[in-house]
Amino acid sequence: QVQLVESGGGLVHPGGSLRLSCAASERTYSPAAMGWFRQAPGKEHEFVAIINWSDGSTYYTNSVKGRFIISRDNAKNTIYLQMNSLKPEDTAVYYCNAQIRGATYWGQGTQVTVSS
């Protein structure tokens, strides 16, 4: 069983930045992909960003394009989400996701609150 440990959430004003981190306990095998989802109050689970491990290619949901950057540390099976120009609409619990050896894993979630 793989554990994904998230960190980096917090409270920030609109226009501010946060950097989320997600570390997979599995270090022997590389993920096929890792990414981020979020769930805002009263809303459904939403895809945010993903990074393919084989080539580093990325994909973002339209609402975060140009503001968020997903990146990886191959040696540590860790991903990051640099969130810039944050908006109140970005307020949500952010969940890390990983596909490793044919299975899908989820982090515990980290709260991001964007408020003035």
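Refer to the structure presented above.
First things first, this report covers the structure right here in the doc. These numbers come from a predicted model, not from an experiment. (Residues numbered from 1 in each chain as written. Predicted model: local features only at pLDDT ≥ 70, side-chain atom pairs only at ≥ 80, totals over all residues. Heavy atoms only, no water.)

### Some thoughts on the overall build of the protein chain
Right, so step 1: When its secondary structure is counted, the protein chain shows 0 helices and 11 strands.
Right, so step 2: Mapped from its N terminus to its C terminus, the protein chain presents α and β elements in the order β-β-β-β-β-β-β-β-β-β-β.
Right, so step 3: Computed over C-alpha atoms, the radius of gyration of the protein chain comes to 13 Å, within 12% of the 13 Å expected from 2.2 N^0.38 for 116 residues, which places it in the range of a compact globule.
Right, so step 4: Principal axes of the C-alpha set define a box for the protein chain whose edges measure 45 × 25 × 20 Å.
Right, so step 5: A buried classification covers 42% of the 116 residues belonging to the protein chain.
Right, so step 6: Considering only residue pairs separated by 6 or more positions, the protein chain has 52% of its internal contacts joining residues 24 or more positions apart.
Right, so step 7: Accessible area of the protein chain: about 6,000 Å², with a carbon and sulfur share of 47%.
Right, so step 8: Across the protein chain, 10 positive and 8 negative side-chain charges occur, with their mean positions spaced 4 Å apart. (Helix = DSSP H or I, 4+ residues; strand = E, 2+ residues; numbered from the N terminus. Rg over C-alpha atoms; globule rule 2.2 N^0.38 Å. Buried < 20%, exposed > 50% of the residue type's maximum accessible area, 1.4 Å probe, protein only. Contact = heavy atoms within 4.5 Å. Areas by Shrake-Rupley, 256 points an atom, 1.4 Å probe, with all protein chains shown as cover. Lys, Arg positive; Asp, Glu negative; His and termini not counted. Charge placed at Lys NZ, Arg CZ, Asp CG, Glu CD.)

Fair warning: the whole summary comes from geometry, so function is off the table for now.
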